[in-house]
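Descriptive analysis of the structure
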Amino acid sequence: MLEAAFWGFVGGFALLVGAVLGLVRPVPDRVVGTVMAFGAGVLISTVSFDLVEEAFTEAGAVPVGVGILAGAVTFFAGDAIVDRRGGDDRKHPAANAGGAAFALVLGAMLDGIPESAAIGVSLLGGGAVSTAVVAGVFLSNVPESLSAAVGLRASGRSVRWILGLWAGVAVVSAVAAALGYALLGGAGPATVAVVQAFAAGAILTMLADTMVPVAVRYSGPLVGIVTCAGFLLAFMLTHA
């Protein structure tokens, strides 16, 4: 469980990295978009091979279908709440985060919890943590806190407050990864498959709703190639 918590925190630590980058010096929007495109490719591969394929192999089509639909609907509903509270642009480099601190925290947890739980699930059965899962989570988190830190600083929040905010979300990510491992340690294949597929459905919905549109908008004509590069790297890591 401690190993799952550690790797979950590594994924969440990207929020602190992004916040520091946003506070120290401006990062060009195209760079943020390119990172987002690469991270999207990594996560697409992760969802396909580390979550859905493994779940299907272990338990068949029904648990996978139920899990994906449940994850997608849950993320969609949570995202709608975040949007109404002012967090709809939380992954946009040019977003103004002032006045929407609660929405930003809620949005980061909404994005990060299924990703972190997937890290914990990947350790079940004595397996090693999926490098592709951790890399995808890390790359998807950096732009979120990067853009938010700029807006929060402009709204008058202190550097200590901003870094403390994202450190807290990183801790939540670690807890989610640990719970994903601890609660499913003795579960049957069908239950594990549903949880894996649930995470996959939530991540896929997040990709379509936030990451891919931002990547297309800001990374320019190379978005397709960069996304494919992320997919290829994650595929090679998964099948090494």
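Preceding this paragraph is the structure being described.
Every chain is numbered independently, its residues counted from 1 as its sequence is written. pLDDT decides what is reported in this predicted model: residues at 70 or higher carry local features, side-chain atom pairs at 80 or more are listed and counted, and totals for whole chains, interfaces and linings draw on all residues regardless. By convention in this description, side-chain values take in all heavy atoms of the structure and omit both hydrogens and water.

**Some thoughts on a nonpolar patch on the surface**
Any residue with relative accessible area above 30% and no salt bridge may belong to a patch, with like charges joined within 9 Å and the nonpolar Val, Leu, Ile, Met, Phe, Trp and Tyr side chains within 5 Å. Shrake-Rupley sampling with a 1.4 Å probe provides the accessible areas, and residues are treated as covered by the protein chains on show and by no other component. Any carboxyl oxygen of Asp or Glu within 4 Å of a side-chain nitrogen of Lys or Arg constitutes a salt bridge here. Side chains of Phe9, Phe13, Val171, Val175, Leu179 and Leu183 sit close together on the surface and give an oily, nonpolar patch of about 540 Å² of accessible area. Those elements that place two or more of their residues in the nonpolar patch are helix 1 (2-24) and helix 6 (159-182). When residues in the nonpolar patch are grouped by element, the largest group, 3 residues, is from helix 6. Going along the chain from the N terminus, every DSSP run of H or I of four or more residues is numbered as a helix, and every run of E of two or more is numbered as a strand. With respect to the secondary-structure elements, Leu183 resides in the loop between helix 6 and helix 7 (189-219).

**Side note on the environment of Val169**
Within the element layout of this structure, Val169 appears in helix 6. A 1.4 Å probe rolled over the protein chains alone gives each residue an accessible area, and that area as a share of the maximum for its type sets the label: buried under 20%, exposed over 50%, partly exposed in between. Judged by its relative accessible area of 3%, Val169 falls in the buried class. The spacing of Val169 and Leu16 is 153 residues in sequence and 9.2 Å in space, taken between C-alpha atoms.

**A look at the nonpolar core**
Residues grouped as a nonpolar core are buried Ala, Val, Leu, Ile, Met, Phe, Trp, Tyr and Cys residues, joined through side-chain atoms within 4.5 Å. Judged by nonpolar contacts, the single largest core of 26 residues is most densely connected at Leu43, Leu51, Ile203, Leu207 and Met211. At the level of secondary structure, the elements contributing two or more residues to this core comprise helix 2 (29-59), helix 3 (61-87), helix 4 (101-121), helix 5 (131-154), helix 7 and helix 8 (223-238). Considering each element in turn, this core owes the most residues, 10 residues, to helix 7. Formed by 10 residues, the second largest nonpolar core is a distinct cluster that contains Ala19, Ala148, Ile162 and Val169.

**Re the packing of aromatic side chains**
The criterion for an aromatic pair is that two Phe, Tyr or Trp rings (for Trp, the six-membered ring) have centres within 6.5 Å, with stacked assigned to planes under 30 degrees apart, edge-to-face to planes over 60 apart and tilted to the rest. Counting across every chain of the model gives 2 aromatic pairs. The interplanar angle of 65° and the centroid separation of 5.1 Å between the aromatic rings of Phe49 and Phe235 together place this pair among those described as edge-to-face. On the criterion of sequence distance, the pair formed by Phe49 in helix 2 and Phe235 in helix 8 is long-range, its members being 186 residues apart. Residue classification places Phe235 among the partly exposed positions, given a relative accessible area of 27%. Each residue in the set Phe49, Phe231 and Phe235 is aromatic and connected to the rest through ring pairs, giving one cluster.

Geometric values such as these leave the question of function open.
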